[in-house]
Amino acid sequence: LVTRKTTADERLDRAIDRTFPRLGQSVHRRLSRYDAPVDTRAEHADITFAAAMAERARAKIAELRLSLDAVQASTDEVEAHRTRIVAKRLRYLLEPVAETVAGAAALIERLRDLQDQLGALHDAHVFAPALVAATSAAAGEHACRESLAVVSGGTKGRTARRVHAKDPRPGLIALGERVRARGDAAFARVRDAWLDGRAAQFFTDAEAIAAALDARGRPMLEIERKYL
C-alpha cells in the first residue's frame, strides 16, 4: 500500500506539472473578457433563487429515496456508492440555506453522517479485493520459500522457524477480518437509521424544507383594501 501510494503521488505530481500550467494560461486568456447574456424571457422573469432551489431539492430528495431503497445488503457495492453520491449532492445543495431555513442544519448533519457510514462501507468494498489478492500472492511466495527450504534441507529447526515466521498470511487474514467487521458495522448503522422505512421522518423534514423554500420563492402579493 505504501508503494502504491508513493507511485500514485509521483504520477499525480507529474500530471499537475504537465497539465496545470497550460490550463492556467487557457483560463486566464478565456476569462480576461467574459460576456454573459441576460435572460429577459417572460417565462423566466419570476423564477427566484429559493424557487429554483426548492425544485432541485425535491428532485434530489426523490433520488435519495430511490437510491436507499436499492440498498438491501452490505454487499450492494454499486447501490451504496451511488447513494453516498446522491446524499453528498443533496447536502451541498442545502448548505447555502442552512442558516436561513429552519431545520436545514439538522438535515445536513444527518446527510453528513450517512455519507460517513457509506464511505466506510465503500472503503471495505475497495480494500477487501486488495487483501484477497495480497493473500493469494503471499500464499504463492510462502510456498516457494517452503520449497526452497526443503531443497536446501532446512525443513527442521531454525530454518523452518524462520520460514514460518515470515509468513504474512495470518496478518493479512486478520486485516481482512477487520475490514469486514468495519464494513458490517457501517452497514448496520445505515440500516438502523435509514433502511426499511426508518428514514420516513427525514424525508418528511426534507419535504418541509423544500416547501419552506418554495414559500420564500413566491412573488410578493400586494393586498388592496378599500374602505367605505
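Residues numbered from 1 in each chain as written. Predicted model: local features only at pLDDT ≥ 70, side-chain atom pairs only at ≥ 80, totals over all residues. Heavy atoms only, no water.

**Q** Explain helix α3 (residues 77-94) residue by residue, including any values.
**A** One turn of an α-helix holds 3.6 residues; hence residues three or four places apart share an orientation. Here α3 spans 26 Å end to end across 18 residues, near enough to the 26 Å set by a 1.5 Å rise per residue. Those residues of α3 that sit buried are A80, T83, V86, A87, L90, R91, L93 and L94. Within α3, the buried residues cover an arc of 155° as seen down the axis, which keeps them to one side. (Helix = DSSP H or I, 4+ residues; strand = E, 2+ residues; numbered from the N terminus. Expected span 1.5 Å × (residues − 1). Buried < 20%, exposed > 50% of the residue type's maximum accessible area, 1.4 Å probe, protein only. Arc of directions from axis to C-beta.)

**Q** Describe the nonpolar core, naming the residues involved and giving the relevant values.
**A** Counting residues in hydrophobic clusters, the biggest one holds 34 residues, and the most contacted among them are L64, W194 and F202. Mapped by element, the contributors of at least two residues to this core are α2 (49-70), α3, α4 (104-151), α6 (169-194) and α7 (200-217). Ranked by residues supplied to this core, first place goes to α4 with eight residues. Beyond its immediate stretch of four places on either side in the chain, F202 contacts L64, L90, L107, R110, L111 and W194. (Core = buried A, V, L, I, M, F, W, Y, C linked by side-chain atoms within 4.5 Å. Contact = heavy atoms within 4.5 Å.)

**Q** Give me the lowdown on the packing of α2 against α3, citing residues and values where you can.
**A** The interhelical angle for the contact between α2 and α3, taken along N-to-C directions, is 160°, at an axis separation of 9 Å. On the basis of their axis angle, the class for α2 and α3 is roughly antiparallel. Read as a crossing pair, α2 and α3 show a hand that is left-handed. Counted together, M53, R56, A57, K60, I61, E63, L64, S67, L68 and A70 of α2 and E79, R82, T83, V86, A87, R89, L90 and L93 of α3 form the full contact between these two elements. In terms of residue class, the contact of α2 with α3 is made up of ten nonpolar, two polar and six charged. (Axes fitted to C-alpha atoms, helices over the stretch in contact; angles between N-to-C directions. Parallel < 35°, antiparallel > 145°, perpendicular 65-115°, else oblique. Left-handed = near helix turned anticlockwise from the far one by under 90°. Nonpolar A, V, L, I, M, F, W, Y, C, P; charged D, E, K, R; others polar.)

**Q** I'd like to hear about α7, residue by residue, with values.
**A** Given a rise of 1.5 Å per residue, 18 residues ought to cover 26 Å, and the 26 Å separating the end C-alpha atoms of α7 matches this to within 8%. Along α7, the residues classified as buried are F202, F203, A206, I209, A210, L213 and G217. The buried residues of α7 occupy an angular sector of 115° when projected down its axis, which confines them to one face.

**Q** Would you mind going over the packing of aromatic side chains in detail, with residue names and values included?
**A** Under the counting rule described, the total for this entry stands at two aromatic pairs. Measuring from ring centre to ring centre gives 4.7 Å for W194 and F202, while their planes differ by 65°; the resulting arrangement is edge-to-face. Here W194 and F202 have matching classes, each one buried. Judged by centre distance (5.2 Å) and plane angle (85°), the rings of F202 and F203 are edge-to-face. A residue is classified by how much of its surface remains accessible, and F202, at 0% relative accessible area, is buried. Each residue in the set W194, F202 and F203 is aromatic and connected to the rest through ring pairs, giving one cluster. For R65, the ring lying beneath its charged end belongs to F203, and the centroid distance is 4.3 Å. In this arrangement the basic side chain of R110 is found over the ring face of W194, its NZ or CZ atom lying 4.5 Å from the centre. (Phe/Tyr/Trp six-rings, centres within 6.5 Å; stacked < 30°, edge-to-face > 60°. Lys NZ or Arg CZ within 6 Å of the ring centre and 35° of its normal.)

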